[in-house]
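Residue-level structural notes
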Amino acid sequence: MKKNPPPTELSNNMSQLLPQWKGLSPWSIVSFTFNTIRILVTNGYAMVPFVYTGWKQGFDSPWMIIGFAGACLLIVISAVIDWAMFRYRLFDDKLGIRQGLIFKKAHEIPLGKIQNIRLEQPFYFRPMGLYSLVVETAGSKKDEAVLAAVSYQQAIELKQRLVNPSSISGSRADSKAETPRHLAPNQSGTDASPANSQAPLVLKKMKSLLLFGFYQNNLFWFAIIAGPIIGQFDWEALANTDFALTLLHWYEQTIAVNMLLQILFACSMLIGFYLLLSLISMTASVLKYYPYRLSLSGDTLHRTGGVIAKQNDALTQHRIQVIRFTQPIIGRFLKLWTINFKQVKGTEVEQVAKKHMLVPSMTREAIEALMPKLPGLVSVSSTLPLSYSGIHLGWFWRRGFLPLLIPMVNTIFLGLNPFTELLWFGAICFVIGLYLRYRQWGYLHQGDDCWIHTGMLGRTWHLIALKKVQHVSITQTPSQKRKQLANLELGLASGPQTIPYMPLKDARAIAERALAITAKDHTNWI
């Protein structure tokens, strides 16, 4: 007859099988420190002019040194407290997080609601071979949980358990009081990542990433960073330097005498400025994505890459709400597209910085080859359309008249002068841009999919699987009723998609098809 184990032994065995609250490695203090500094820098860019001014005047005050040292000490103390109070616990159906000293926070993240799991290796973790595991969920505009300073093996095991919750219950179903397989160390030293066990779907080398940085140039962040600094320069003093006076004399003698030369000079300056910014964008693209690798494991997409901070993003295909194909104006000349996988609003990969899980530098042929390899996508279309049905001209007339009314009224009362001429120039440019936008706005209904085309100088295709539509809204103004037009809004978890001034019969056809699909299929949209 088998002898029952003593109560103490039974409790020890049960404690080994049940999840326990765990803390992070002391190396996570470095991550907390840099994160605090990043938040201060991100939210304190408006202080750049004051810092720059103080730098020019000299930080020779002893109080300035004491204040700087005190701020550094507070940041380190805060990081130590964050590390000491951080605990996490992985249950069968949720991930528990506890943190905070004075203001305690407790998070319970259902595993079924996890949108993305991202693996990052900042430069300060690379010498130790450590990573940060980032978890993002639906309904949150920032990272829901960050497990910093974990080993690669531990990060991969946690990632697999979070992506596949069934593996947890299966590992605990073993009646033997042995260490679960997913907790055993990797003796072979091989890469256990599912992303590396599958053949890659997309590989992008240096050339493709340089082209991506070139055509995807973004001037917005440059303006935010450079604006305060440029504003601190003494332009009057710079204008009186010998070099500036010589350059001005050359311009007056050579360029200013001919209108054509002035236009060519202005265009050259703009092109040169764009190329300068492109160097920054191209460098950032290589540092962030090289070597770019997109692979598929089961229903999960994995994107890896990064020079300074290595990243490993995981995204299940059924979470994707909209697939966006973007081609900026430079990309149109290069015939290159960028694919963005959009999820629930506020939770797409790296949402805070608007850096979605993307596939850069894709030709039309490469897109047609990639889409059939993603069977987990709800949408069935695999090729970019070549044409679309445009919206009605009434959309443009309704918006194009008001901008011209402002300079018209000012001209009537003030006459033509430099001020009213500037108003006319701005209004005409705005109307031209509005007309270009109208020309690019259209739609295409293909079976269970709906394509929406937008843009101005560049262009964007939005691929919407009607199965993902949560609500449909058809609205009409009195003038639209007379012309049998309507505005169609397709409500998605990633945000609404609108087609204005389209024929009423087309709007009803798309809406009825979407409602018919969702009426028969009650699976979760998200």
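Heads up: the structure comes first, above all this text.
Residues numbered from 1 in each chain as written. Predicted model: local features only at pLDDT ≥ 70, side-chain atom pairs only at ≥ 80, totals over all residues. Heavy atoms only, no water.

By size, the foremost hydrophobic cluster in this structure holds 32 residues, and its most contacted members are Leu301, Ile323, Phe325, Ile339 and Phe341. Beyond its immediate stretch of four places on either side in the chain, Ile339 contacts Ile323, Arg324, Phe325, Met357, Leu358, Val359, Met362, Ile367 and Leu370. Ranked by size, the runner-up nonpolar core spans 28 residues in total, among them Val431, Trp441, Tyr501 and Leu504. (Core = buried A, V, L, I, M, F, W, Y, C linked by side-chain atoms within 4.5 Å. Buried < 20%, exposed > 50% of the residue type's maximum accessible area, 1.4 Å probe, protein only. Contact = heavy atoms within 4.5 Å.)

With that out of the way, let us pick up empty space enclosed by the protein. Taken as a whole and assessed by the stated rule, the structure comprises 2 cavities of 30 Å³ or more. In this structure, the largest cavity spans a volume of roughly 80 Å³. Surrounding the largest cavity, Gln317, Ile320, Gln321, Val322, Ile323, Leu377, Val378, Ser379, Leu463, Ala465 and Lys468 form its lining. When grouped by side-chain class, the residues that make up the lining of the largest cavity number 7 nonpolar, 3 polar and 1 charged. (1 Å grid on protein atoms, 1.4 Å probe; cavity = no way out; pocket = protein on both sides within 12 Å on 5 of 7 lines; lining within 4 Å. Points joined across faces, edges and corners; volume = space filled by probe spheres on them. Nonpolar A, V, L, I, M, F, W, Y, C, P; charged D, E, K, R; others polar.)

This part is about the packing of aromatic side chains. Taken as a whole and judged by the stated rule, the model has 18 aromatic pairs. Just above the ring of Phe91 sits the side chain of Lys94; from NZ or CZ to the centre is 5.1 Å. For Lys288, the ring lying beneath its charged end belongs to Tyr289, and the centroid distance is 5.4 Å. (Phe/Tyr/Trp six-rings, centres within 6.5 Å; stacked < 30°, edge-to-face > 60°. Lys NZ or Arg CZ within 6 Å of the ring centre and 35° of its normal.)

Before going further, it helps to examine the sheet that holds strand S19 (residues 485-491). In spatial order, the strands read S18-S19-S20; together these 3 strands make up an open sheet with antiparallel pairing. At either margin of the open sheet sits one strand with a lone partner, and together these are strand S18 (471-475) and strand S20 (497-503). Averaged over all pairs of adjacent strands, the angle between their axes in this sheet comes to 20°, without regard to strand direction. Of the pairings in the sheet, the one linking S18 to S19 comprises 5 bridges and is antiparallel in character. (Pairing = 2+ DSSP bridges. Helix = DSSP H or I, 4+ residues; strand = E, 2+ residues; numbered from the N terminus. Axes fitted to C-alpha atoms, helices over the stretch in contact; angles between N-to-C directions.)

Read these as spatial facts, not as claims about activity.
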